[in-house]
Amino acid sequence: MLGQQDVGHRVVVRRIVGIREGRPLFSDALGELVELSETHLTLTTDHGRLQVPRSEVHRAKRVPPSRRPTAAAVTALELAADEAWPAPTRDRLGGWLLRSADGWTGRANSALPVGDPDRPLPAAVDAVVRWYAERGQPALVNTPLPLAAPVGAELDARGWQSRPPVLVQTMPLAGMPPGPPERPGAPPVELVGAPSDDWLAIAAGRKGGLPDAARHVLTAVDQVRFAQVYAAGTLVAVGRGTVTGGGRWLGLSLIEVLPEARRQGLAGRVIRALADWGAATGASHAFLQVEQRNTGAVALYRGLGFTTHHTYLTRVAPH
């Protein structure tokens, strides 16, 4: 049976749709699992959204994506994502990237093993460990899958642990559905070129502080916008958009709505405002990164048209 780890992935569900001559009739549904509750499975299929009561499920399992992206496509997207989240301290190990940002976020403090490290794989991992040790940091390696599967196997053999899987999701900007009509008096979404103190306070609350390196990560991108929504003088929703990858990719990050302002469509409005800005700059596609276990966010993004391009694991060296 499926579990929360399968949300955001392609699955097949065999359901009981009736009884004929004392025998059950089955129907198969294929699509992306967007929600899994105690009572229902919810899929998006080629024919639309489908909600299946658990009582009707005979069998369900994850299946491979309809088509895997090429290694070149995964590499290009990972490099665009690196541009969108730039660590202030950087180095190279052949084609691999080594990144440090005072420990602020795993993405900005991990090695990215795409390309050839110009040495045998065991020696490359040893070099990564030394580089982070010199900076007083634990060694982290961000492994996009299946591209970095050989690296993952080497780390498995060394006893490295894995953080929760992250889905790298994409969509063509032209395919984003229009939002519902805005309610009269709804607060506007503003896009600004630099984050306000209020904006940074929300980011600090979500990410556990905001060292100087974090400000570099957030702002050191040529094309960047910070979305903000104020209601009654209080900042209630934020988001960040960047355009990288040669102008092709709009990167979405730090989409956050305060608890008291949720379920009002603000996250969707923030994303659409950033999508409009990205399209106006010439970007054709959007990407974001979301933990697989964050089922609420996965469902939100799936409703906007995002699908999983690939996944990655952040690997942590043993102590």
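The coordinates are above.
Values in this document were obtained by computation on a predicted structure and should not be read as measured data. Within any chain, residue numbers begin from 1 and follow the written order of that chain's sequence. Only residues with pLDDT of 70 or above have their local features reported here, since the model is predicted, and side-chain atom pairs are shown and tallied only from 80 upward, although totals for entire chains, interfaces and linings are computed over all residues. With hydrogens and water excluded, all non-hydrogen atoms of the structure serve as input to the side-chain values.

Colleague: Sorry if this is basic, but what is going on with the pattern of salt bridges here?
Modeller: Pairing between side chains of opposite charge can happen when the charged atoms of each approach one another. What makes a salt bridge here is a side-chain nitrogen of Lys or Arg within 4 Å of a carboxyl oxygen of Asp or Glu, nothing more. Using the criterion set out here, one finds twelve salt bridges in the structure. Glu256 is the salt-bridge partner of Arg206, the closest N and O atoms lying 3.2 Å from each other. Linking Arg206 in helix H4 (residues 197-207) with Glu256 in strand E14 (residues 249-257), this pair joins segments that are 50 residues apart in sequence. Put simply, Arg262 and Glu256 hold a salt bridge, and the shortest N to O gap is 3.6 Å. It is possible to trace a salt-bridge network through shared partners that takes in Asp82, Arg90 and Arg99. Runs of H or I in DSSP of at least four residues are treated as helices and runs of E of at least two as strands, each being numbered from the N terminus.

Colleague: How should the nonpolar core be read in this particular structure?
Modeller: Side chains that are nonpolar tend, in soluble globular proteins, to be buried together. The definition of a nonpolar core used throughout is a set of buried Ala, Val, Leu, Ile, Met, Phe, Trp, Tyr and Cys residues joined through side-chain atoms within 4.5 Å. Per-residue accessibility, obtained with a 1.4 Å probe over protein chains only, is compared with the maximum for each type, and a residue is labelled buried under 20%, exposed over 50%, and partly exposed between these values. Of all hydrophobic cores here, the largest spans 41 residues; its most connected members are Leu41, Leu250, Tyr301 and Phe306. Counting residues per element, this core draws most heavily on helix H6 (residues 266-281), which supplies seven residues. We call two residues in contact whenever any of their non-hydrogen atoms come within 4.5 Å of each other. Excluding anything up to four places from it in sequence, Leu41 contacts Met1, Leu2, Val13, Leu33, Glu35, Leu36, Leu50, Gln51, Val52, Arg54 and Val57. The next biggest cluster of nonpolar side chains, apart from the first, holds 20 residues, and it includes Leu200, Ala203, Leu218 and Leu235.

Colleague: Can you walk me through the environment of Tyr132 in this structure?
Modeller: As for its placement among the helices and strands, Tyr132 is situated in helix H2 (residues 121-134). On the accessibility criterion, Tyr132 (0% relative accessible area) is buried. In this structure the C-alpha to C-alpha distance between Tyr132 and Val189, which are 57 residues apart in sequence, comes to 40 Å. Not counting chain neighbours up to four residues away, the residues in contact with Tyr132 comprise Leu98, Arg99, Asn109, Ser110, Ala111, Gln137, Pro138, Ala139 and Leu140.

Colleague: What is the right way to look at the packing of H6 against helix H7 (residues 295-304) in this model?
Modeller: When two helices pack together, their arrangement is given by the angle between their axes and by how far apart the axes lie. What counts as an axis is a line fitted to C-alpha atoms, over the stretch in contact for a helix, and the angles between N-to-C directions run from 0 to 180 degrees. For the pair H6 and H7, interaxial distance at closest approach is 11 Å and the crossing angle is 50°. When the axis of H6 is compared with that of H7, the two are oblique. The two elements H6 and H7 cross, and the hand of that crossing is right-handed. Every residue of H7 that contacts H6 at Ala267, Ile271 and Arg272 is listed here: Leu300, Tyr301 and Leu304. Here the nonpolar group is Ala, Val, Leu, Ile, Met, Phe, Trp, Tyr, Cys and Pro; Asp, Glu, Lys and Arg are the charged ones; every other residue, Gly included, is treated as polar. Here the contact of H6 with H7 is built from residues that sort into five nonpolar, no polar and one charged. Each angle gets one of four labels, with under 35 degrees taken as roughly parallel, over 145 as roughly antiparallel, 65 to 115 as roughly perpendicular, and the rest as oblique. Note on convention: near helix rotated counterclockwise from far helix by under a right angle means a left-handed crossing. Clockwise means right-handed.

Colleague: What exactly am I supposed to notice about the packing of H2 against helix H3 (residues 149-157) here?
Modeller: One way to put it is that H2 packs onto H3 with a least axis distance of 10 Å and a crossing angle of 70°. The orientation of H2 relative to H3 falls into the category roughly perpendicular. Counting all contacts with H2, which are made through Leu121, Pro122 and Val125, the residues of H3 involved are Pro150, Val151, Glu154 and Leu155. Classifying every residue of the contact of H2 with H3 gives six nonpolar, no polar and one charged.

Colleague: Honestly, the pairing of strand E15 (residues 285-291) in this entry has me stumped. Any pointers?
Modeller: Consecutive side chains of a regular strand alternate in pointing toward one face of the sheet and then the other. The element E15 is extensively covered by neighbouring structure, given that five of its seven residues are classed as buried. Each pair of strands is called paired provided DSSP finds at least two bridges between the two strands. Strand direction decides the pairing type here: strand E10 (residues 166-172) and E15, joined by seven bridges, are antiparallel. Counterpart to Gln169 in the pairing with E15 is Leu288. Bridge count for E14 against E15 is four bridges, and the pairing is parallel. Within the sheet, the bridge partner assigned to Leu250 lies in E15 and is Ala286.

Colleague: Please explain the packing of aromatic side chains as it appears in this structure.
Modeller: Centre-to-centre distance and the angle between the planes together describe a pair of aromatic rings. Paired rings are identified among Phe, Tyr and Trp, the last through its six-membered ring, by centres lying within 6.5 Å, and are further divided according to the angle between planes into stacked (under 30 degrees), edge-to-face (over 60) and tilted (the rest). Tallied over the full model, the rule gives five aromatic pairs. Where Trp131 meets Tyr132, the ring centres are 4.8 Å apart and the plane angle is 80°; that geometry is what we call edge-to-face. Ring-over charges, as used throughout, are those where CZ of Arg or NZ of Lys falls within 6 Å of the ring centre and within 35 degrees of the ring normal. Arg14 extends its terminal NZ or CZ atom over the ring of Phe26, reaching a point 5.7 Å from the ring centre. The ring centre of Trp85 lies 4.2 Å from the NZ or CZ of Arg107, which sits over that ring.

Colleague: What is the right way to read H7 from this model?
Modeller: For an α-helix, the turn length of 3.6 residues means that residues three or four places apart are oriented alike. Looking at H7, one finds that the buried residues are Ala297, Val298, Tyr301, Arg302 and Leu304. Seen along its axis, H7 keeps its buried residues to an arc of 155°; they face one direction. Among the residues trailing H7, Gly305 stands out with phi positive, at a value near 110°. Each direction from the helix axis to a C-beta atom contributes to the arc, which is the arc of those directions.

Colleague: Explain H3 here, please?
Modeller: For H3, the full list of buried residues reads Val151, Gly152, Glu154 and Leu155. Within H3, the buried residues cover an arc of 160° as seen down the axis, which keeps them to one side. With respect to the buried face of H3, the exposed residues turned more than 90 degrees away are Pro150, Asp156 and Ala157. Structurally, H3 contributes buried residues whose contacts are with strand E7 (96-100), H2, strand E8 (140-145) and strand E16 (307-316). One or two positions beyond H3, positive phi appears at Gly159, with a value near 85°.

Colleague: Explanation requested: unusual backbone geometry in the structure shown.
Modeller: With the exception of glycine, the majority of residues adopt a negative phi angle, and the majority of peptide bonds are in the trans configuration. Cis peptide bonds are those with omega within 30 degrees of zero, and the linkage from Leu145 to Pro146 qualifies with 5°. With respect to the helices and strands, the residue Pro146 is situated in the loop between E8 and H3. The phi dihedral of Asp102 is positive, around 55°, even though this residue is not glycine. Residue position: Asp102 is located in the loop between E7 and H2. The phi torsion at Arg263 lies on the positive side, around 65°, for a residue other than glycine. In this fold, Arg263 is placed in the loop between E14 and H6.

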